[in-house]
Amino acid sequence: MALCLAVPLSLAEQASELAGQEAENSYSPDGDRELREDVIANAENERVFFVIANLEHTLAHEMGHVILDEFDIPVLGNMEVAADQLGIFLFSSLMGGNDNFVQGKLDILQAIADEMRLEWGARPEADREHYWSSHPFEPQRFYNTACMIYGSEPKVLEHIRDFAEIPPARAFYCRDEYETAAQAVSWVISRAGRKTAYTANPEDHKISIEYEEPHSQRSEKIRGWLEETGVITSITHRAEELFDFQRPLRVSVANCQYPGAMWMSGKGEILLCYQLMERYYYLADHRDATETDAVLDMSEWNAFCLYESVAEHYSSYCSKSLGNPGQ
Ligand SMILES: [Zn+2]
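Keep in mind that this is a model prediction, so the values were computed, not measured.

Novice: Where do I start with the overall build of the protein chain in this structure?
Specialist: A count of helices and strands for the protein chain gives 13 helices and 4 strands. When each of the 327 residues of the protein chain is scored for burial, the buried share is 33%. A separation threshold of at least 6 residues defines the contact pool for the protein chain, and within that pool the share at least 24 residues apart is 67%.

In C-alpha cells form, the structure reads like this:
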C-alpha cells in the first residue's frame with residue numbers, strides 16, 4: 001500500500017536562497033574576497049540546512065504526538081516510536097517526492113544522522129544507561145528512520161541503505177516495516193482525517209505560531225531562519241489540511257533553560273526551545289568533530305520545569321522535583 005503525499009518543503013532550495021547566491025569563481029582582482037564570501041556563504045548555507053533539517057525532524061515528531069493525542073488514536077507499543085513514524089510519514093521532507101529528490105533525502109538524513117551521532121557521543125557514560133527511557137536511543141531512532149525511508153522505495157533508495165549501513169538482517173524487513181506503518185497511517189487518516197475541504201478561512205486555521213523575543217543574538221538569527229524558510233508554517237499548514245482540529249493549538253518558540261521540545265496536551269501547546277536550535281547551530285559547526293560539548297548534566301525533566309508553562313502543566317511533578325515551580 002502506498003500513500004501519495006506531497007513533499008512540503010525543499011530544504012536545500014530554501015537554505016540556498018537564504019544564504020544568497022554563490023559568488024562566481026571567475027578570476028578578478030577581487031577574487032580572494034569573492035572566494036572568502038563564497039566560503040562564508042556555503043558555510044552559512046550548510047548551517048541553515050542543518051538547523052532547519054533537524055528542527056523539521058523534531059517538529060514532525062511533536063506533531064505526531066499532537067495527532068495521536070487530539071484524535072485519541074490507540075497505540076500499541078511505544079508512543080515515542082509511534083510519534084516518530086506518524087511524524088515522518090505525514091510531515092517530513094524525507095517521505096514522498098520523486099526520484100530526483102534522492103539526493104535531497106540523503107542530505108537531510110545526513111544532517112539528522114550527524115546530529116544524533118554527535119549527541120550520542122556527547123552523552124556522559126551514565127546517561128547512556130537510561131534504559132528506562134521511553135525514547136529509543138539516538139542510534140536506534142536513526143536506524144528506524146532510515147529503514148522506514150529506505151523501505152518506502154527500496155529499488156530507488158538503495159543509496160539510503162548504503163549510507164545508513166543498514167545490515168541485510170534489518171534491511172530485509174524494511175519494506176514490511178514501511179507497509180505496516182503505511183497501513184496504520186492510512187487508518188489514522190480514514191478515521192481522524194479532515195472530512196470537509198480545507199479552506200483558508202479562520203475556522204480551519206487552528207494552529208497558531210508564537211515567537212517569544214529571543215534572549216540571544218544567535219536565537220534572533222535562528223528565528224529569522226525559521227520565519228524565512230517557513231519550516232514551522234509548512235508543518236502546521238499540512239496538519240491543518242489533513243486534520244480538522246477541535247480546539248485551538250499553538251506552537252511556542254520560547255527561551256528555555258534546556259535545549260528541548262515537547263508537546264503539552266493539557267495546554268494544546270508544542271514548545272520549541274530556542275536553546276534546542278542553538279544546540280543544532282553549535283553541532284552544525286562541529287559536524288566533523290569526534291567529540292562535542294555535552295549538554296549540561298541535568299535531568300531533562302527538572303530543566304523543563306524551569307519553563308513556566310511546563311511547571312504549570314506538570315505542577316505536581318515539578319513542585320516535587322524542584323520544590324519551587326515556575327522559577
Ligand atoms: Zn516524543
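There is more to say, and it comes next.
Novice: Sorry if this is basic, but what is going on with the pairing of strand β4 (residues 269-273) here?
Specialist: As a general feature of sheets, a regular strand has side chains that alternate between the two faces. Of all 5 residues in β4, 5 are buried, a share of seventy percent or more. Side chains Glu-269, Leu-271 and Cys-273 project from β4 onto one buried face, and the interleaved Ile-270 and Leu-272 project onto a second face that is buried too. As judged from the 4 bridges shared by strand β3 (residues 261-264) and β4, these two strands associate in the antiparallel manner. Bridging across to β4, Met-264 finds its partner in Glu-269. Hairpin connection between β3 and β4: a loop of 4 residues separates the two successive antiparallel strands, and Gly-268 in this loop has a positive phi of roughly 65 degrees.

Novice: Could you clarify how one ought to interpret the sheet that holds β4 in this entry?
Specialist: For sheets, the rule is that strands pair by backbone hydrogen bonds, running either parallel or antiparallel. Ordered by their spatial adjacency, 4 strands build an open sheet running β1-β2-β4-β3, and the pairing between neighbours is mixed. Since the sheet does not close on itself, it has two edges, and those belong to β1 (207-211) and β3, each with one partner. Across this sheet, the average inter-strand angle for adjacent strands is 15 degrees, counted without regard to direction. Across 5 bridges, the pairing between strand β2 (residues 249-254) and β4 is parallel. Residue pairing for β4: Val-251 is matched across the bridge by Ile-270. Running over the sheet, helix α9 (residues 231-242) touches β1 and β2 and is turned about 160 degrees from β1.

Novice: Honestly, the nonpolar core in this entry has me stumped. Any pointers?
Specialist: Note on soluble globular proteins: their nonpolar side chains tend to be buried together. Of all hydrophobic cores here, the largest spans 70 residues; its most connected members are Val-51, Leu-86, Ile-149 and Tyr-280. In terms of residue count, helix α2 (residues 31-70) provides more of this core than any other element does, 13 residues in total. With near-sequence residues (within four places) excluded, Ile-149 lies in contact with Leu-94, Met-95, Lys-105, Leu-109, Leu-157 and Ile-160.

Novice: What's the story with unusual backbone geometry in this structure? I'm lost.
Specialist: As a rule of thumb, non-glycine residues mostly have phi less than zero, and peptide bonds are mostly trans rather than cis. One non-glycine residue, Asp-72, lies in the positive phi region at around 45 degrees. Phi is positive for Glu-165, which is not a glycine, with a value near 50 degrees. Structurally, Glu-165 can be placed in the loop between α6 (158-164) and α7 (168-192). On the basis of neighbour counts, which here come to 9 C-beta atoms within 10 Å, the residue Glu-165 falls in the exposed class.

Novice: What is the right way to read the environment of Gln-85 from this model?
Specialist: Counting through the fold element by element, Gln-85 comes out in helix α3 (residues 79-91). Here Gln-85 falls in the buried class, since 22 other C-beta atoms lie within 10 Å of it. Residues Gln-85 and Val-185 lie 100 residues apart in sequence; the distance between their C-alpha atoms is 8.7 Å. Those residues in contact with Gln-85 that lie beyond four places of it in its chain are Met-148 and Ala-181.

Novice: What am I meant to see in the confidence of the model for the protein chain here?
Specialist: Where the model shows low pLDDT, its predicted coordinates should not be examined in detail. Looking at the protein chain as a whole, its pLDDT mean stands at 81, while 75% of the residues score no less than 70. In the model of the protein chain, helix α1 (residues 11-19) stands out as the element of lowest mean pLDDT, 54, in contrast to β1, which has the highest, 97. For the stretch residues 1-10, pLDDT sits under 50, and the model shows 27 contacts to residues farther than four places along the chain or on other chains. Across residues 322-327, confidence stays below pLDDT 50; counting only partners more than four residues off in sequence or on other chains, it has 11 contacts.

Novice: Hey, could you run me through helix α10 (residues 274-284) in this one?
Specialist: Because each turn of an α-helix spans 3.6 residues, side chains separated by three or four positions end up pointing in the same direction. Burial of α10 is extensive: 9 of the 11 residues sit out of reach of the surface. The complete set of buried residues in α10 reads Tyr-274, Gln-275, Leu-276, Met-277, Arg-279, Tyr-280, Tyr-281, Leu-283 and Ala-284.

Novice: Looking at this structure, how should I read the packing of helix α5 (residues 138-152) against α7?
Specialist: Running from amino to carboxyl end, α5 crosses α7 at an angle of 80 degrees, the nearest separation of the two axes being 7 Å. Looking at the two axes, α5 sits roughly perpendicular to α7. Side by side, α5 and α7 meet where Tyr-143, Cys-147, Met-148, Tyr-150, Gly-151 and Ser-152 of the first sit next to Arg-170, Ala-171, Cys-174, Arg-175, Glu-177, Tyr-178 and Ala-181 of the second. Tallied by class, the residues present in the contact of α5 with α7 amount to 8 nonpolar, 2 polar and 3 charged.

What counts as what
- For every chain, the first residue of the written sequence is number 1, and numbering continues from 1 onward in sequence order.
- The predicted origin of the model limits local features to residues at a pLDDT of at least 70 and limits the giving and counting of side-chain atom pairs to 80 or more, whereas totals for whole chains, interfaces and linings rest on all residues.
- In this description a helix means any DSSP run of H or I spanning at least four residues, a strand means any run of E spanning at least two, and both kinds are numbered starting from the N terminus.
- Every C-beta atom is placed from the backbone, and the number of other C-beta atoms within 10 Å of a residue's own sets its class: buried at 20 or more, exposed at 12 or fewer, partly exposed in between.
- Two residues qualify as a contact pair if the distance between their C-beta atoms, derived from the backbone, is within 7 Å.
- Pairing between strands is defined by DSSP: at least two bridges between the two strands are required.
- The angle between two axes is taken between their N-to-C directions and runs from 0 to 180 degrees, where each axis is a line fitted to C-alpha atoms and a helix contributes only its stretch in contact.
- Only buried residues count toward a nonpolar core: Ala, Val, Leu, Ile, Met, Phe, Trp, Tyr and Cys, linked into one set through C-beta atoms within 7 Å.
- Every residue gets a pLDDT, meaning the predictor's confidence in that residue, from 0 to 100.
- Any angle that falls under 35 degrees is termed roughly parallel, while one over 145 is termed roughly antiparallel, one within 65 to 115 roughly perpendicular, and all others oblique.
- Here the term charged refers only to Asp, Glu, Lys and Arg, the term nonpolar to Ala, Val, Leu, Ile, Met, Phe, Trp, Tyr, Cys and Pro, and the term polar to all other amino acids, Gly among them.

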